[in-house]
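Each chain, letter by letter, is given below.
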Amino acid sequence: IDNGRISRLLNDAAMNIKQGQPASSFASLEKVLEQDRSNAAAYYLRGCAHGRLGNIIMARDDFKSALSNDPSHLAARTNLANVLLQQGLIEETVTVLDSHPETLPADLAYKAAELSLELKNFSSALSKCDDGNLHYPQDGRFHVLRGRIYIEQKKYDAANKSLSVTVDSFPR
């Protein structure tokens, strides 16, 4: 495997996608995958190209392939979650976000908690809020969401306590 050639092909493909010419990236990416079938970056970029062209199913499959070759690939995880949400596959989206939760930025961690609430999986949503409060202590959304979860459960005292923490912790 010629790593220099692979890098050039990946860069060419990324530039084509960024310049609004995603279809032009496929030839370069196929050459990479001919040499290295486990190249997560190639699958990720091909998924991006498919997504830009509106081929959501193909994009989803490529993002899944990227993650199967590199489970910590955050961009592939983020894009896969977005594609799954577009398809209305909420449970599958939560599963994708729950694998390697330590790598999620605050917005995705919050989305995972919010989707767990939408699925009425209260214990999972509360656990995600706890993790969010631990990893992102300045992000008051996790306290607010915790309050919403308690309201859904009709635990109004707990909701008031959680929401009070938010108000007290984040002055105007």
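Keep in mind the model is a prediction, meaning the values are calculated, not measured. (Residues numbered from 1 in each chain as written. Predicted model: local features only at pLDDT ≥ 70, side-chain atom pairs only at ≥ 80, totals over all residues. Heavy atoms only, no water.)

Membership of the largest hydrophobic core comes to 25 residues, with the highest contact counts inside it found for Leu10, Tyr44, Leu45 and Phe63. Among the elements of the structure, helix H1 (3-18), helix H2 (26-35), helix H3 (40-52), helix H4 (56-69) and helix H5 (74-86) are those that each provide at least two residues to this core. Take this core: its biggest share by element is seven residues, from H3. Not counting chain neighbours up to four residues away, the residues in contact with Tyr44 comprise Phe63, Ala66, His73, Ala75, Ala76 and Asn79. Of all hydrophobic cores here, the second largest spans 19 residues; its members include Leu108, Leu117, Leu145 and Tyr150. (Core = buried A, V, L, I, M, F, W, Y, C linked by side-chain atoms within 4.5 Å. Buried < 20%, exposed > 50% of the residue type's maximum accessible area, 1.4 Å probe, protein only. Helix = DSSP H or I, 4+ residues; strand = E, 2+ residues; numbered from the N terminus. Contact = heavy atoms within 4.5 Å.)

This next bit is on the environment of Pro22. Residue placement: Pro22 occurs in the loop between H1 and H2. Put simply, Pro22 and Arg146 are 124 residues apart on the chain and 41 Å apart in space, counted from C-alpha to C-alpha. Those residues in contact with Pro22 that sit more than four places away from it in its chain are Asn16, Ile17, Ala49, Arg52 and Leu53.

All right, on to the packing of H4 against H5 then. Helices that pack against each other are described as a pair by the angle of their axes relative to one another and the distance between those axes. Interhelical geometry of H4 versus H5 gives an angle of 145° and a closest axis separation of 9 Å. In this structure, H4 meets H5 at a crossing whose hand is left-handed. In this structure, H4 contributes Ile56, Arg60, Phe63, Lys64, Ala66 and Leu67 to the contact, and H5 contributes Ala76, Arg77, Asn79, Leu80, Val83, Leu84 and Gln86. Partitioning the contact of H4 with H5 into residue classes produces eight nonpolar, two polar and three charged. (Axes fitted to C-alpha atoms, helices over the stretch in contact; angles between N-to-C directions. Left-handed = near helix turned anticlockwise from the far one by under 90°. Nonpolar A, V, L, I, M, F, W, Y, C, P; charged D, E, K, R; others polar.)

Regarding H2, the residues found buried are Phe26, Ser28, Leu29, Val32 and Leu33. Taken around the axis of H2, the buried residues stretch over an arc of 160°, which confines them to a single face. The inward-facing, buried residues of H2 abut H1 and H3. (Arc of directions from axis to C-beta.)

Turning our attention to helix H7 (residues 106-118). Counted at 1.5 Å a residue, the expected span for H7 with its 13 residues is 18 Å, and the 18 Å between its end C-alpha atoms agrees. The set of residues buried in H7 consists of Ala106, Leu108, Ala109, Tyr110, Ala112, Ala113, Leu115, Ser116 and Leu117. Where the residues of H7 are buried, they touch H5, helix H6 (90-98), helix H8 (122-135) and helix H9 (141-152). A positive phi of about 65° marks Lys120, the residue just after H7. (Expected span 1.5 Å × (residues − 1).)

Bringing the packing of H2 against H3 into the picture now. Between H2 and H3, whose axes approach to 10 Å, the crossing angle comes to 155°. What the angle tells us is that H2 and H3 run roughly antiparallel. Where H2 crosses over H3, the handedness of that crossing is left-handed. Judged by residue contacts, Phe26, Leu29, Glu30, Val32 and Leu33 of H2 engage Ala42, Tyr43, Leu45, Arg46, Ala49 and His50 from H3. For the contact of H2 with H3, the per-class residue count stands at eight nonpolar, one polar and two charged. (Parallel < 35°, antiparallel > 145°, perpendicular 65-115°, else oblique.)

A separate point is the environment of Gly20. The topology assignment puts Gly20 in the loop between H1 and H2. Residue Gly20 is classed as exposed on the basis of its relative accessible area, which comes to 53%. Taking C-alpha positions, Gly20 is 31 Å from His100, a pair spaced 80 residues apart along the chain.

A separate point is the packing of aromatic side chains. Tallied over the full model, the rule gives three aromatic pairs. Each ring, one from Tyr44 and one from Phe63, has its centre 6.0 Å from the other, and the planes form 40°; the classification is tilted. With Tyr44 in helix H3 and Phe63 in helix H4, this residue pair connects regions lying 19 residues apart in the sequence. Under the relative-accessibility criterion, Tyr44 is labelled buried at 18%. Assessed through its relative accessible area of 2%, Phe63 is described here as buried. Between Tyr110 and Phe142, the aromatic rings sit 5.8 Å apart at their centres with planes inclined by 75°, giving edge-to-face as the arrangement. (Phe/Tyr/Trp six-rings, centres within 6.5 Å; stacked < 30°, edge-to-face > 60°.)

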